[in-house]
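# Fold and contact review
Each chain is listed here by its residues.
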Amino acid sequence: MTLTIESSSADGSDKRSWQQAMWRGFTCSCPACGKGRMFGKFLKVADSCEACGEELHHHRADDAPPYFTMFIVGHIVIPLVLVVEKLWAPALPIHFMVWTAVTLALTFALMPAVKGAIVGLQWALRMHGFDYAARQGEE
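Residues numbered from 1 in each chain as written. Predicted model: local features only at pLDDT ≥ 70, side-chain atom pairs only at ≥ 80, totals over all residues. Heavy atoms only, no water.

### Details of the side chain of E54
Along the chain, E54 falls in the loop between α1 (18-26) and α2 (64-87). Although buried, E54 forms no salt bridge, and the nearest oppositely charged side chain, R16, lies 4.5 Å from it. (Helix = DSSP H or I, 4+ residues; strand = E, 2+ residues; numbered from the N terminus. Buried < 20%, exposed > 50% of the residue type's maximum accessible area, 1.4 Å probe, protein only. Lys, Arg positive; Asp, Glu negative; His and termini not counted. Salt bridge = Lys/Arg side-chain N within 4 Å of Asp/Glu carboxyl O.)

Structural data, given as structure tokens:
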């Protein structure tokens with residue numbers, strides 16, 4: 001069962017799957033077509049999709065991506081730290097070096113994907129200017 005959001009849009013498509021939009025965003029692709037790149041730089045969302053022309057500059061991800069990334073990384077790293085400590089009990093400097101590197105690597109790897117998923121969700125829910133019908137009424 002797929003939840004879709006219904007509203008009128010400029011391209012005539014009335015349904016947007018939030019799961020598909022979030023997955024496309026998670027893969028750093030355009031939430032509308034899945035072909036273009038969402039980011040122009042590491043965490044800078046492109047103004048529009050190079051493949052379909054969908055405007056992406058409306059997003060308001062703000063502090064949500066870092067918060068969710070910390071939440072995910074914390075739930076991965078903390079159990080690993082506890083398991084390693086219980087099984088091998090390495091010295092504190094070893095813990096520090098290993099877990100600092102693992103935490104930074106996971107954070108930098110997940111941050112664009114999490115931000116993309118949040119922008120994809122905003123697109124699917126027609127938030128922050130992604131609702132073309134509402135924008136047309138303002139003009």
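Alright, that's what it looks like, and here's the rest.
### As for the packing of aromatic side chains
All told, the structure shown has three aromatic pairs when counted by the stated rule. Taken together, a centroid distance of 6.3 Å and an interplanar angle of 55 degrees make the contact between F42 and F108 tilted. In this pair, F42 is assigned in the loop between α1 and α2 and F108 in helix α3 (residues 92-124), connecting sequence segments 66 residues apart. Look at F42 and you get partly exposed, because its relative accessible area is 46%. The positively charged end of R16 is found above the aromatic ring belonging to W123, 4.1 Å away from the centroid. (Phe/Tyr/Trp six-rings, centres within 6.5 Å; stacked < 30°, edge-to-face > 60°. Lys NZ or Arg CZ within 6 Å of the ring centre and 35° of its normal.)

### Examining α2
The terminal C-alpha atoms of α2, which comprises 24 residues, lie 35 Å apart, in line with the 34 Å expected from a rise of 1.5 Å per residue. If you check which residues of α2 are buried, you get P65, T69, V73, V77 and V84. Residues of α2 that are buried in the fold lie against α3. At the exit of α2 stands A89, carrying a positive phi of roughly 45 degrees. (Expected span 1.5 Å × (residues − 1). Contact = heavy atoms within 4.5 Å.)

### Regarding the nonpolar core
Most often, soluble globular proteins have nonpolar side chains that are buried together. Ranked by size, the top nonpolar core spans 18 residues in total, and within it M38, V45, L56, V119, W123 and F130 carry the most contacts. When residues of this core are traced back to their parent elements, those giving at least two are α2 and α3. Take this core: its biggest share by element is seven residues, from α3. Not counting chain neighbours up to four residues away, the residues in contact with V119 comprise M38, V45, H59, A61 and F130. (Core = buried A, V, L, I, M, F, W, Y, C linked by side-chain atoms within 4.5 Å.)

### Points about the environment of I72
Tracing the sequence through the fold places I72 in helix α2. Between the C-alpha atom of I72 and that of T107, which follows or precedes it by 35 residues, the distance is 8.9 Å. For I72, the residues in contact, after removing those within four places along its chain, are L110 and V114.

### Let's talk about the confidence of the model for the protein chain
Of all residues in the protein chain, 85% have pLDDT values of 70 or greater, and the mean over the chain is 89. The secondary-structure element of the protein chain with the lowest mean pLDDT is strand β1 (residues 4-6), recorded at 51, while α2 shows the highest, at 98. When the criterion is pLDDT under 50, residues 6-10 qualifies, and its contacts beyond four places in sequence or with other chains add up to 15 contacts. (pLDDT = per-residue confidence, 0-100.)

### Topic: the pattern of salt bridges
Summed over the entire model, instances satisfying the criterion amount to one salt bridge. The partner of E50 in a salt bridge is R37, with the nearest N and O atoms 3.6 Å apart. Residue E50 is found in the loop between α1 and α2, and its partner R37 is found in the loop between α1 and α2; the two are separated by 13 residues along the sequence. Residue classification places R37 among the partly exposed positions, given a relative accessible area of 49%.

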